[in-house]
Amino acid sequence: ALNAHDAFFSDFYAACAAMNISADTASSESGQGQYEINLMHGPAMKAADDAWLFKLLAKGLAQQHGHAATFMAKPFAQDAGSGLHVHFSILDKDGGNIFDDGTNAGSDHMRHAVAGCLDGMIASTLVFAPHQNSFARLVPGAHAPTGVCWAYENRTASIRIPEGPGIARRIEHRVAGADANPYLLLASILGAALQGIEAKTPPPAPIDGNAYEQDLVNLPTNWREAIATFSDSKIVSEIFSSTLIRNFELTKNQECAEIDRLTASEQKALYLERV
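Residues numbered from 1 in each chain as written. Predicted model: local features only at pLDDT ≥ 70, side-chain atom pairs only at ≥ 80, totals over all residues. Heavy atoms only, no water.

## A short note on the overall build of the chain
Each helix and strand counted, the chain has nine helices and six strands in total. Computed over the C-alpha atoms, the radius of gyration of the chain is 19 Å, within 12% of the 19 Å expected from 2.2 N^0.38 for a compact globule of 275 residues. Projected onto its principal axes, the C-alpha positions of the chain cover 50 × 40 × 40 Å. Counting only residues that meet the buried cut, the chain has 45% of its 275 residues in that class. The long-range fraction of contacts in the chain, counting pairs at least 24 apart against all pairs at least 6 apart in sequence, stands at 70%. (Helix = DSSP H or I, 4+ residues; strand = E, 2+ residues; numbered from the N terminus. Rg over C-alpha atoms; globule rule 2.2 N^0.38 Å. Buried < 20%, exposed > 50% of the residue type's maximum accessible area, 1.4 Å probe, protein only. Contact = heavy atoms within 4.5 Å.)

Okay, here's the thing in structure tokens:
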């Protein structure tokens, strides 16, 4: 599948290098024409910049090659959706990873950050899933998390602690779709993690087994519920300004009303290369 689009990927990686976007390995995923490209770690603002420019570059370069690149969360009902998984750790003033305590379990700082992310997850669903189409991805058994939970090396959980050396101990936040705004996304995740660290919030026990088969608190299942939850959240109000929260709420309510007037095919045409 990658070889079939070799010319596109060759040009794409060359353009990423020219734009100082840290694009790493590409892999073919389960959906038809679906590819994953990892972006290397770095400071949060640089990571958000890279993600934003990456999306613009992919869409523009695809057009030059006679294709369309989309970051819709669920462009095709019969295929897997597209996520935007965020891996993060925190370094101290000496460059040490505060999530690393020399064990595979990770430090108290890591667990407090996990707790903060779990506490803020439901309220921030609108950031993770900002469009109506986003919620077509967040369904049980579809490679996207639906329940609020965490686990070690478990891709059914909404927060995963990957295996690996201590220096790379990190949290993977798996909720957001590819259509999320990377600036709002990182602010939501890191802001919630910081709240957990500052409050020293203990997380619930990590789950074992398939998260879809367990009795968990679930994320909002529709757009309107996510809008209302975001707008009324104390956690969100401690991350974002009241002006941004109100603006985002009004914008999404307007978008929601407009989308209801469109057919499914009209919605796809509107969003395919815009998100």
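## Side note on the nonpolar core
Soluble globular proteins: nonpolar side chains tend toward being buried together. Among the nonpolar cores identified, the biggest contains 46 residues, and M121, F128, I159, I171, L185, W223 and F230 are the most heavily contacted of them. At the level of secondary structure, the elements contributing two or more residues to this core comprise β3 (86-88), α3 (108-121), α4 (125-128), β5 (159-161), α5 (182-199), α6 (223-231) and α8 (242-259). Setting aside chain neighbours within four positions, we find I159 in contact with V114, C117, L118, M121, C149, W150, A151, I171, E172 and H173. In this structure, F8, F12, A15 and A58 belong to the second largest nonpolar core, which totals 17 residues. (Core = buried A, V, L, I, M, F, W, Y, C linked by side-chain atoms within 4.5 Å.)

## Focus on the pairing of strand β2 (residues 35-39)
Bridge count for strand β1 (residues 23-28) against β2 is four bridges, and the pairing is antiparallel. Bridged to A26 within β2 is I37. The hairpin turn running from β1 into β2, its antiparallel successor, is six residues long, and G33 in that turn takes a positive phi close to 70°. (Pairing = 2+ DSSP bridges.)

## Here we look at the packing of aromatic side chains
For the coordinates displayed, the defined rule picks out eleven aromatic pairs. Measuring from centroid to centroid gives 6.2 Å for F54 and F71, while their planes differ by 70°, and the two rings are edge-to-face. With F54 in helix α2 (residues 44-64) and F71 in the loop between α2 and β3, this pair connects stretches of sequence that are 17 residues apart. In terms of burial, F54 and F71 fall into one category: buried. Look at W150 and Y152: their rings are 5.3 Å apart centre to centre, the planes differ by 55°, and that puts the pair in the tilted class. By relative accessible area, W150 is classed as buried at 2%. (Phe/Tyr/Trp six-rings, centres within 6.5 Å; stacked < 30°, edge-to-face > 60°.)

## Quick look at the pattern of salt bridges
Enumeration over the complete set of coordinates arrives at eleven salt bridges. For D260, the salt bridge identified is with R224, shortest N-O distance 2.6 Å. Note that D260 is positioned in the loop between α8 and α9 (264-271) and R224 in helix α6, a separation of 36 residues in sequence. Using a relative accessible area of 46% as the deciding quantity, one classes D260 as partly exposed. Among the charged side chains, a salt-bridge network with shared partners connects E153, R155, R160, E172 and R174. (Salt bridge = Lys/Arg side-chain N within 4 Å of Asp/Glu carboxyl O.)

## A short note on the state of the cysteines
Applying the stated rule across the entire model yields zero disulfides. C149 forms no disulfide, and the closest cysteine sulfur to it belongs to C117, at a distance of 13 Å. What makes C149 buried here is its relative accessible area of 3%. (Disulfide = S-S within 2.5 Å.)

## Topic: the sheet that holds β5
Spatially, β3-β6-β5-β4 is the arrangement adopted by the four strands of the open sheet, whose pairing is mixed. If you trace the sheet from one side to the other, it starts and ends with β3 and β4 (150-152), each paired once. The mean inter-strand angle of the sheet, taken between neighbouring strand axes irrespective of direction, is 25°. Pairing between β3 and strand β6 (residues 171-173): three bridges, direction antiparallel. When the bridges of β6 are listed, V86 appears paired with H173. In the packing of α5 onto the sheet, the strands contacted are β3 and β6, and the crossing angle to β3 comes to about 40°. (Axes fitted to C-alpha atoms, helices over the stretch in contact; angles between N-to-C directions.)

## A word on α5
Spanning 18 residues, α5 covers 26 Å between terminal C-alpha atoms, matching the ideal 26 Å at 1.5 Å per step. Listed in full, the buried residues belonging to α5 are P182, L184, L185, L186, S188, I189, G191, A192, A193, G196 and I197. As for α5, its buried residues are in contact with α2, β3, α3, α4, β6 and α8. (Expected span 1.5 Å × (residues − 1).)

## A word on unusual backbone geometry
Its identity is not glycine, yet E153 carries a phi of approximately 45°, on the positive side. Within the fold, E153 resides in the loop between β4 and β5. Accessibility expressed as a relative area gives 29% for E153, which makes it partly exposed. Although it is not a glycine, K200 sits at a positive phi angle of roughly 55°.

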